[in-house]
Amino acid sequence: MSNGARNGMVLEGLRKTGATGIFFFRLLAACGPALARPRLIIAQIYNAGARSLIIIMLSGLFTGMVLGLQGYDLLQRFGSEEALGIAAALSLLKELGPVLTALLFAGRAGTALTSEIGLMKATDQLTAMEVMAVDPMRYVAAPRFLGGLIAMPLLAAIFDIIGLFGAQLVGVQLMGVDRGTFWSQMQGAVGLHDVFEGIVKSLVFGAVLSLIAVNEGYQSEPTAEGVGLATTRTVVASSVLTLLLDYVLTAAFMQ
Amino acid sequence: MIGSPIQTASAAPADDAVVDVRDVHYAVDGRPIFAGLNIRVRRGLITAVMGPSGTGKTTLLRLVTGQLLADRGQVSVFGRDIASLSGSEVYAARRRMGMLFQNGALLTDATVFENVAFPVREHTNLPESLVRMLVLTKLEAVGLRGAAELMPAELSGGMARRVALARAIVMDPEVLLYDEPFVGLDPISLGVILRLIKHMNQALGITSVVVSHDVQELATIADQSYLLSGGSVVASGTPKELAGSDSATVRQFMTGSEEGPVRFHYPAPDYASQLLGVEEG
């Protein structure tokens, strides 16, 4: 790659980062007025949250069941299979719940947000709002951002609960770990700070992924191809950033 | 500007100009769209802006609504330079305008009724019974009261444009901007839209700006016409004056001829030698 091309790529990257930053501040400014219209936000919590429930619950169940199997296999080698409850709860609350929910959210709700806003742009709906003296940042972008931000921790919590049920199903019912031990060990070892770590993570993922989805839709080329590309970029950027931020947040909580 | 007889109609007093575009220059990525554009829209009239595709007719509407700002020159709306207005003042000016988009630009997730009610709900706190009355009145005016509960996806192109028209007039604007209102319509829809534009102008006194390249249709309703080419106005006057013009550009456009100053062919190498070159290669 020539120096010119590399410089061009760096400049383009900086330009996009800057544009996203500016968009973020415009979005934050629009969130205040948007909060005065809870009806719009509730509709978006339904869109991003309730409509993702099935895949979140199914994924949570199977993740929990795999945790039950793998956890049991690992722990019984050390003769400590009664710790399965702790292992499953900590993995789910701190890592798998927030991270897998975020990845599923990016694929289900993030893409829907990007393509919806992109199509609104391509069919002049956003321009029409501007001409009707309605700020689309306030009417379209901010409610979707807030909806995603609120839906993410709720979805992660549901993922965690179903996941624990799955782990219990396999560990206790199938593998024969004692039910009382499973739950009491969990109760004794899992602290509020573990739950807090999961909530913080899913709030951060909710903010970042909703921002990416809304921004990509808003900045997309107003053509069929442009909207398709923007949707792909949403999934790629969301997935990579989720895993990167997960590491950063985990390290921060270890301090 | 060409021939003097054509320009007489634009010699109106400055204070009745609702939209005044003066010596506007505008370029996209270094490519000039407008170079010294002058257009005056007078109160209570239907002003037609015509020109071949790609002459920036839609860009002109975006300059008037303040979505784009001119590189040089001045766009005045309701007597004030739109570039000098604050964000809220631009929004206040837009509330006095309505715009009809080429494809309707209806909100796809709302019914016809909710689409027309949208600006009312956003800008007023009217009770629901009044909103309903207002919306149904406007839908009746465009003949679609019966379609109130349909979704935009269930409408034909002509119907969608009429719903968009009802939405554009629901706040009783002083100025209506029409972006290519005749494109892709069947003869009946086209006749209906034409009559509606005339009706809005005559019955409600709405100043109208119609951007289009459908010369014949515009000639039947316009009070004043501007013909754009190459980034500026090449002719202006009443449709009759334009039809009688002896300018080659105007005649080419009015008669739809391939031959004339406006080139139909995109610049290309010599036809014969390119064909032969391909055969040899």
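What comes next concerns the included structure. None of the values given here were measured: they were computed from a predicted structure. (Residues numbered from 1 in each chain as written. Chains lettered and ligands numbered in written order. Predicted model: local features only at pLDDT ≥ 70, side-chain atom pairs only at ≥ 80, totals over all residues.)

1. Some remarks on the overall build of chain A
Then, number 1: The helix and strand inventory of chain A stands at 9 helices and 0 strands.
Then, number 2: Expressed as lengths along the three principal axes of its C-alpha atoms, the size of chain A is roughly 65 × 50 × 35 Å.
Then, number 3: Here the analysis covers contacts within chain A between residues at least 6 apart in sequence; of these, 87% occur between residues at least 24 apart. (Helix = DSSP H or I, 4+ residues; strand = E, 2+ residues; numbered from the N terminus. Contact = placed C-beta atoms within 7 Å.)

2. Overview of helix α2 (residues 38-48) of chain A
Residue and element names in this part refer to chain A.
Then, number 1: Three or more residues of α2 are buried, namely Ile41, Gln44, Asn47 and Ala48. The arc that holds the buried residues of α2, viewed along the axis, is 115°, so those residues lie on one side. Exposed and facing more than 90 degrees away from the buried side of α2 are Pro38, Arg39 and Tyr46.
Then, number 2: Here the buried face of α2 lies against α1 (3-35), α4 (84-122) and α6 (136-174). (Buried ≥ 20, exposed ≤ 12 C-beta atoms within 10 Å, placed from the backbone. Arc of directions from axis to C-beta.)

3. Looking at the environment of Leu155 of chain A
Then, number 1: Along the chain, Leu155 of chain A falls in helix α6.
Then, number 2: Here the alpha-carbon distance between Leu155 of chain A and Phe105 of chain A, two residues 50 residues apart in the chain, equals 8.8 Å.

4. Structural notes on the sheet that holds strand β3 (residues 46-50) of chain B
All names here are of chain B.
Then, number 1: Read from one edge to the other, the open sheet built from 6 strands follows the order β6-β7-β8-β3-β9-β10, with strand pairing classed as mixed. Lying at the two open borders of the sheet, with one neighbouring strand each, are β6 (97-100) and β10 (232-237). Taking the axes of each pair of neighbouring strands and ignoring which way they run, one obtains an average angle of 15° across the sheet.
Then, number 2: Of the strands in this sheet, β3, β7 (175-179) and β8 (207-212) touch helix α7 (residues 187-204), which is tilted by about 155° from β8. (Pairing = 2+ DSSP bridges. Axes fitted to C-alpha atoms, helices over the stretch in contact; angles between N-to-C directions.)

5. Digging into the packing of α2 of chain A against α6 of chain A
Residues and elements named next belong to chain A.
Then, number 1: Remark: α2 packs on α6, axes separated minimally by 8 Å, with the N-to-C direction vectors making an angle of 55°. Between α2 and α6, the angle is such that the two are oblique. The chirality of how α2 crosses α6 is right-handed. Judged by residue contacts, Leu40, Ile41, Gln44, Ile45, Asn47 and Ala48 of α2 engage Pro143, Arg144, Leu146, Gly147, Gly148, Ile150 and Ala151 from α6.
Then, number 2: Of the residues that constitute the contact of α2 with α6, the class distribution is 8 nonpolar, 4 polar and 1 charged. (Parallel < 35°, antiparallel > 145°, perpendicular 65-115°, else oblique. Left-handed = near helix turned anticlockwise from the far one by under 90°. Nonpolar A, V, L, I, M, F, W, Y, C, P; charged D, E, K, R; others polar.)

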